[in-house]
Amino acid sequence: MERSLVIIKPDGVQRGLVGEIIGRLERRGLRLVGLKFLAVEVSLAEQHYAVHQGKPFYEGLIRYITSAPVVVMAWEGKKVVEAVRQTVGATNPTAAVPGTIRADLGIDIGRNLIHASDSVATAEFELGLWFKPGEIVDWARDGERWVFEA
Ligand code: IDP
Ligand code: MG
C-alpha cells in the first residue's frame, strides 16, 4: 500500500503537539509504519529541502528544521499521500482550511508544524532519505476493513 513521509517539525515538538498530531493521523484510519525522534543534521535538511534551494526562505527553513528535535514518521494507507496532505492543510496556516492541523494549531508559514510528502514519487525519495531498509514495519491494524474497502 502507498506510503508517505511525515515530520513533526521542531515547533510541534517544542509546543507539546506530538500526541495531538499523531492522534489526528491515527484517527483518520492511517497506519503508522515507521517512527523516530532525532535532531536533524544540516546535510540531511539540505537534501530533504533541495528543491527549495535558492528561494528567499531557504536559509531560514534549514535553520528552523535543525533548531530542535523532530519526529519522523512513515504512514501507510490507501491514497495516504493525498489524505495526509489534506489533514495537514495548506502551507500557510492562515490560508489553510479550519479542521486541518496547520489551521487549527498554527499561524505563521515559517512555523507550520508539520511536513508531508507532496506526491507518491516524492514520498519514495523522502522515505529513502529518512529511513534505512528494515526501519519501516510491515503490519496491519486489526479492523482495517472498517477503514479501507477491499
Ligand atoms: P509544504 O510544506 O506545504 O509542502 P513547501 O512549499 O514545500 O510547503 O515549503 C516547504 C516549507 O518551507 C514549508 O512547509 C514552510 O516551512 C517553508 N516555507 C515555504 N514558504 C515559506 C515562506 O514564504 N516563508 C517562510 N517559510 C516558508
Ligand atoms: Mg513541500
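Here the structure is shown first, and the text comes after it.
Throughout, a residue's number is its position along its own chain's written sequence, starting from 1. Note on labels: chains are lettered from A, ligands numbered from 1, in written order. Since the coordinates come from a predicted model, pLDDT governs what is reported: local features require at least 70, and pairs of side-chain atoms require 80 or more to be given and counted, while whole-chain, interface and lining totals use all residues. In computing side-chain properties, one takes all heavy atoms of the structure into account and sets aside hydrogens as well as water.

Asker: Help me get a handle on the overall build of the protein chain, residues and values and all.
Answerer: Numbered from the N terminus, helices here are DSSP runs of H or I no shorter than four residues, and strands are runs of E no shorter than two. Looking only at helices and strands, one finds seven helices and four strands in the protein chain. Taken from the N to the C terminus, the helices and strands of the protein chain come in the order β-α-α-β-α-α-β-α-α-β-α. For this measure, only C-alpha atoms enter the radius of gyration; the expected value for a globule follows 2.2 Å times N^0.38, where N is the number of residues. Taken against the 2.2 N^0.38 rule, which gives 15 Å for 150 residues, the C-alpha radius of gyration of the protein chain at 15 Å falls within 12% of a compact globule. Long-range pairs, those at least 24 residues apart, make up 78% of the contacts in the protein chain with a sequence separation of at least 6. Total accessible area on the protein chain is roughly 8,100 Å²; 54% of this is exposed by carbon and sulfur atoms. The sign given to each residue is positive for Lys and Arg and negative for Asp and Glu; His and the chain ends receive no count. Every charge is mapped onto a representative atom, which is NZ of Lys, CZ of Arg, CG of Asp or CD of Glu. A distance of 3 Å separates the average location of the 18 positive side-chain charges in the protein chain from that of its 19 negative side-chain charges. Should any heavy atoms of two residues lie within 4.5 Å, those residues are considered in contact. We get accessible surface area from the Shrake-Rupley algorithm with a probe of 1.4 Å; when it comes to residues, only the shown protein chains can shield them.

Asker: Outline the environment of Trp130, supporting the account with residue identities and numerical values.
Answerer: Residue position: Trp130 is located in helix 7 (residues 120-130). A simple rule labels every residue: compare its accessible area, found with a 1.4 Å probe on the protein chains alone, to the largest value its type can have, and call it buried under 20%, exposed over 50%, or partly exposed in between. Exposure remark for Trp130: the relative accessible area of 4% places this residue in the buried category. Sequence separation between Trp130 and Val72 is 58 residues, and the spatial gap between their C-alpha atoms is 7.6 Å. Discounting chain neighbours no more than four positions away, the residues touching Trp130 are Leu5, Ile7, Lys36, Leu38, Val40, Leu44, His48, Val72 and Glu135. A polar side-chain atom of Trp130 sits 3.0 Å from a polar atom in the side chain of His48. Between N or O atoms, a polar contact is any pair within 3.5 Å; within protein, one atom must be a potential hydrogen donor and the other a potential acceptor, and residues adjacent in sequence are included only when both atoms are from side chains.

Asker: Break down the site of ligand 1 for me, citing the residues and quoting the values.
Answerer: The full set of residues close to ligand 1 is Lys9, Tyr49, His52, Phe57, Leu61, Tyr64, Arg85, Thr91, Arg102, Ile109, Gly110 and Asn112. Arg85 has a polar side-chain atom sitting 2.8 Å from an oxygen atom of ligand 1. One of the side-chain nitrogen or oxygen atoms of Arg102 is found 3.0 Å away from an oxygen atom of ligand 1. In isolation ligand 1 exposes 530 Å². Once the protein is present, 76% of that is buried. Two kinds of site are reported from a 1 Å grid over the protein atoms alone, namely cavities, where a 1.4 Å probe fits but cannot get out, and pockets, open sets with protein on both sides within 12 Å along at least five of seven lines, and residues are called lining when an atom falls within 4 Å of a point. Think of it this way: if more than half of a molecule's atoms are within 2 Å of a pocket's grid points, that molecule is in the pocket or cavity. Under a 2 Å grid-point criterion requiring more than half of the atoms, the pocket assigned to ligand 1 is the largest pocket. Under the scheme applied here, ten amino acids are nonpolar (Ala, Val, Leu, Ile, Met, Phe, Trp, Tyr, Cys and Pro), four are charged (Asp, Glu, Lys and Arg), and all others, including Gly, are polar. Classifying every residue of the shell around ligand 1 by side-chain character gives five nonpolar, four polar and three charged. For each residue, the test is whether any non-hydrogen atom lies within 4 Å of the molecule or strand; if one does, the residue is near.

Remember, this is a structural readout, not a statement about activity or role.
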